[in-house]
Number of protein chains: 2
Amino acid sequence: MRISELARRSGVPIGTVKYYLREGLLPAGEPTAATQAQYGEEHVARLALIRALLGTGGLSISTARAVLAAVDDPALSPHDMIGAAHSALPTMAENERPDLSTAQAHLRRWEWQVHEDSPAVSSMAQGLQALQAAGFDTPDQMLDRYARAAYELGEQDVADVPMDSPAEAVRYVVIGTLLLEPVLLALRRLAHEDVSARRLSS
Amino acid sequence: MRISELARRSGVPIGTVKYYLREGLLPAGEPTAATQAQYGEEHVARLALIRALLGTGGLSISTARAVLAAVDDPALSPHDMIGAAHSALPTMAENERPDLSTAQAHLRRWEWQVHEDSPAVSSMAQGLQALQAAGFDTPDQMLDRYARAAYELGEQDVADVPMDSPAEAVRYVVIGTLLLEPVLLALRRLAHEDVSARRLSS
DNA sequence: CATTCTTAGACAGCTTAACTTTCCAACTAC
DNA sequence: GTAGTTGGAAAGTTAAGCTGTCTAAGAATG
């Protein structure tokens, strides 16, 4: 198919498709002439993924490019893959240098085997710092609960990764990590609603 | 203190402080003359909260204004309060009208008592839709796990809300809901790291 | 073959958000 | 009284993510 059909099929405006091509998010089609190229089903699927990353995933163009590069990568070992995927994932404002010590102390308490300079540690540290700055107390007991819940999810997430095809595994990790996040957050808010509704009616 | 000291104490540039005043995020100081006003400790704390909401919380100016309005509100019943806080919270692109039926089916399965038109339902639906569009399968079993984890957190979160002062309760709900989110997401990613590290070394 | 439509690619322009700078008259501190 | 600071308004800036315009080259149709 040509660009206008690709745009129609994917629901993405033609100018935007060109923009994604230019930005290197969408691979170029098979050129048939100087001013013509063919696109396939994989381009339609890719556009859906791009829109999911940019929209729901909340990624910037440049971060999405990095994430998609990881998805495209022939891939490494299962473990390195998760690391590569995570480091491509967004980490909020990285110009800030939060104090990692509190976060690291918790991680040691839980005996989690993580890189001390993992981007997620910075995220966690920044989150804790923001809570403290906002005057919100985070007792160990509360963080322990969050850690346990996160760990149970993480265990299953990793177990669910399809290990047969490396390419499929990276894709699974990247998409699953990123796009399940808004679902998890929404579920927590819905749980708040339900719990408070039940308390009220009891 | 006057504006320059407020700016220095809070670490927020003076021009930005004026901007927040203009945007109604920061209440005006006590005017002492036509071109002079006094600010207090509460302004310093408020600026810290504003920066936490805009930075780590990822809110836009207008959403932050709504959230802060909820925080300032004399407050309603404990339950309405959570609802008010949630509806002030961000819901991603609200121009999109995702298909709610799948999300609602899950909620019915879990027998959660939530408003069908709650913003969190849209968030959840949008998240599920993005996953599907990206070709990521979300079996009931997986969502059940996420729901259970979210519910356990939500139960404790609600139990932790200080019910003595309504004003303090709203503040707690808003900040706790919003600013614990990045921490939860970071913990999930760190759990992925730990689990995959353990699998590798075993 | 002639006419009309579509295309790739380059590039300039647009829109929104969040600041940031400039300005000025009114004050304050020395 | 003179140098510096302030509140408030308004214009300017920057970056991100598109969107529109243009041009020469092909495609589609009769």
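Residues numbered from 1 in each chain as written. Chains lettered and ligands numbered in written order. Predicted model: local features only at pLDDT ≥ 70, side-chain atom pairs only at ≥ 80, totals over all residues. Heavy atoms only, no water.

## Quick word on the pattern of salt bridges
So, point 1. For the structure on display, the rule yields 21 salt bridges over all chains.
So, point 2. Measuring nitrogen to oxygen at the nearest pair gives 2.8 Å for the salt bridge that ties Asp194 of chain A to Arg198 of chain A. Separated by four residues within a single helix, Asp194 of chain A and Arg198 of chain A lie in helix α9 (residues 166-201), roughly one turn from each other.
So, point 3. The class of Asp194 of chain A is buried, set by a relative accessible area of 0%.
So, point 4. Looking at Arg198 of chain A, the relative accessible area reads 32%, which means it is partly exposed.
So, point 5. Across the pair Glu152 of chain B and Arg148 of chain B runs a salt bridge whose closest N-O atoms are separated by 3.5 Å. Of this pair, Glu152 of chain B and Arg148 of chain B both sit in helix α8 (residues 140-160), four residues apart, roughly one helical turn.
So, point 6. Residue classification places Glu152 of chain B among the partly exposed residues on the basis of a relative accessible area of 31%.
So, point 7. A relative accessible area of 46% means that Arg148 of chain B is categorised as partly exposed. (Salt bridge = Lys/Arg side-chain N within 4 Å of Asp/Glu carboxyl O. Helix = DSSP H or I, 4+ residues; strand = E, 2+ residues; numbered from the N terminus. Buried < 20%, exposed > 50% of the residue type's maximum accessible area, 1.4 Å probe, protein only.)

## Considerations on the domain arrangement of chain A
For interface size, the figure often reported is the accessible area lost on association.
So, point 1. What the domain assignment lists for chain A is domain 1 (1-54) and domain 2 (75-201).
So, point 2. Computed from C-alpha coordinates alone, the two centres of domain 1 of chain A and domain 2 of chain A are separated by 33 Å. (Domains from an automatic or database assignment.)

## Description of the relation of the copies chain A and chain B
So, point 1. With an RMSD of 0.0 Å, chain A superimposes on chain B once it is rotated by 180° and translated 0.0 Å along the axis. Both copies of the chain, as the preceding transformation shows, are related through a two-fold rotation axis. No C-alpha of chain A lies nearer the rotation axis than that of Ala149 of chain A, which sits 2.7 Å from it. (Least-squares fit on C-alpha atoms with pLDDT ≥ 70 in both.)

## Some details on the packing of aromatic side chains
The description of an aromatic ring pair rests on the distance of the ring centres and on the angle between the ring planes.
So, point 1. Evaluation of the coordinates by the stated rule reveals eight aromatic pairs over all chains.
So, point 2. Where Trp110 of chain A meets Trp112 of chain A, the ring centres are 5.2 Å apart and the plane angle is 45°; that geometry is what we call tilted. Neither residue differs from the other here; Trp110 of chain A and Trp112 of chain A are each classed as buried.
So, point 3. Ring centres of Tyr172 of chain A and Phe136 of chain B lie 4.6 Å apart, and the angle between their planes is 35°; on these two criteria the pair is classed as tilted. Note that Tyr172 of chain A is positioned in helix α9 and Phe136 of chain B in the loop between α7 (119-133) and α8, a pairing that runs across two chains.
So, point 4. Put simply, the rings of Trp110, Trp112 and Tyr151 of chain A touch in pairs and so form one group of aromatic residues. (Phe/Tyr/Trp six-rings, centres within 6.5 Å; stacked < 30°, edge-to-face > 60°.)

## Quick look at the interface of chain A and chain B
So, point 1. The interface is formed by 77 residues belonging to chain A together with 77 residues belonging to chain B.
So, point 2. Buried area between chain A and chain B, summed over both chains or domains, comes out near 7,700 Å², and the portion from carbon and sulfur atoms is 67%.
So, point 3. Among the residues of chain A in contact with chain B, Tyr146, Arg188 and Arg189 of chain A are the three that bury the most area, contributing 9% of the side total.
So, point 4. The interface formed by chain A and chain B holds seven salt bridges in total.
So, point 5. The partner of Glu181 of chain B in a salt bridge is Arg189 of chain A, with the nearest N and O atoms 2.9 Å apart.
So, point 6. If you list the elements that add at least two residues to the side of chain A that touches chain B, you get α3 (41-54), α5 (78-88), α6 (101-110), α7 (119-133), α8 (140-160) and α9 of chain A.
So, point 7. By residue number, the principal contributor to the side of chain A that touches chain B is α9 of chain A, which donates 28 residues.
So, point 8. For the side of chain A that touches chain B, the per-class residue count stands at 46 nonpolar, 16 polar and 15 charged. (Contact = heavy atoms within 4.5 Å. Buried area = accessible area lost by both parts, 1.4 Å probe. Nonpolar A, V, L, I, M, F, W, Y, C, P; charged D, E, K, R; others polar.)

## Focus: the packing of helix α4 (residues 61-72) of chain A against α9 of chain A
All names here are of chain A.
So, point 1. Where α4 meets α9, the axes come as close as 8 Å, and the angle between the chain directions of the two elements is 150°. On the basis of their axis angle, the class for α4 and α9 is roughly antiparallel. Facing α4, whose interface residues are Val67, Ala70 and Val71, α9 presents Val170, Arg171 and Val174.
So, point 2. Here the residues of the contact of α4 with α9 sort into five nonpolar, no polar and one charged. (Axes fitted to C-alpha atoms, helices over the stretch in contact; angles between N-to-C directions. Parallel < 35°, antiparallel > 145°, perpendicular 65-115°, else oblique.)

## A few points about the packing of helix α1 (residues 3-10) of chain A against α3 of chain A
Residue and element names in this part refer to chain A.
So, point 1. Contact geometry of α1 with α3 gives a least axis separation of 10 Å together with a crossing angle of 45°. In terms of their interaxial angle, α1 and α3 are classed as oblique. Between α1 and α3 lies a crossing whose hand is right-handed. In this structure, α1 uses Leu6, Arg9 and Ser10 to contact α3, whose residues at the interface are Glu41, His43, Val44 and Leu47.
So, point 2. Taken together, the residues that form the contact of α1 with α3 break down as three nonpolar, two polar and two charged. (Left-handed = near helix turned anticlockwise from the far one by under 90°.)

## Examining the protein's contact with DNA strand C
So, point 1. Lining the immediate environment of DNA strand C, one finds 22 residues, of which Ile3, Ser4 and Gln36 of chain A together with Thr16 and Ala34 of chain B sit closest.
So, point 2. Expressed as a percentage, the sugar and phosphate content of the atoms of DNA strand C within 4 Å of the protein is 71%.
So, point 3. Within the backbone of Ala37 of chain A, one N or O atom sits 3.4 Å away from a phosphate oxygen of DNA strand C.
So, point 4. Here a phosphate oxygen of DNA strand C sits 2.8 Å away from a polar atom, N or O, in the side chain of Thr16 of chain B.
So, point 5. For the surface near DNA strand C, the secondary-structure elements that each account for two or more residues are α1, α2 (14-23) and β2 (36-38) of chain A together with α2 (14-22) of chain B.
So, point 6. With five residues, α2 of chain B is the largest single contributor of residues to the surface near DNA strand C.
So, point 7. Classifying every residue of the surface near DNA strand C by side-chain character gives nine nonpolar, eight polar and five charged. (Near = heavy atom within 4 Å. Polar contact = N/O pair within 3.5 Å; in protein donor to acceptor, adjacent residues only side chain to side chain.)

## As for the pairing of strand β1 (residues 30-33) of chain A
The side chains of a regular strand alternate, first on one face of the sheet and then on the other.
Residue and element names in this part refer to chain A.
So, point 1. Pairing of β1 with β2, which is carried by three bridges, proceeds in the antiparallel orientation. Each residue of the ladder has a partner; that of Pro31, found in β2, is Ala37.
So, point 2. Linking β1 back to β2 in an antiparallel pair, the connection comprises two residues. (Pairing = 2+ DSSP bridges.)

## Things to note about the protein's contact with DNA strand D
So, point 1. Of all residues adjacent to DNA strand D, which total 23 residues, the nearest are Ile61 of chain A together with Ile3, Ser4, Lys18 and Gln36 of chain B.
So, point 2. In DNA strand D, atoms within 4 Å of the protein come 70% from sugar and phosphate.
So, point 3. In this structure, Ser4 of chain B approaches DNA strand D through a side-chain N or O atom, which is 2.3 Å from a phosphate oxygen.
So, point 4. In the model, a base nitrogen of DNA strand D is placed 2.9 Å from a nitrogen or oxygen of the Lys18 of chain B side chain.
So, point 5. Looking at the surface near DNA strand D, the elements that each hand over two or more residues are α2 of chain A together with α1 (3-10), α2 and β2 (36-38) of chain B.
So, point 6. Examining the composition of the surface near DNA strand D, we find that five residues originate from one element, α2 of chain A, more than from any other.

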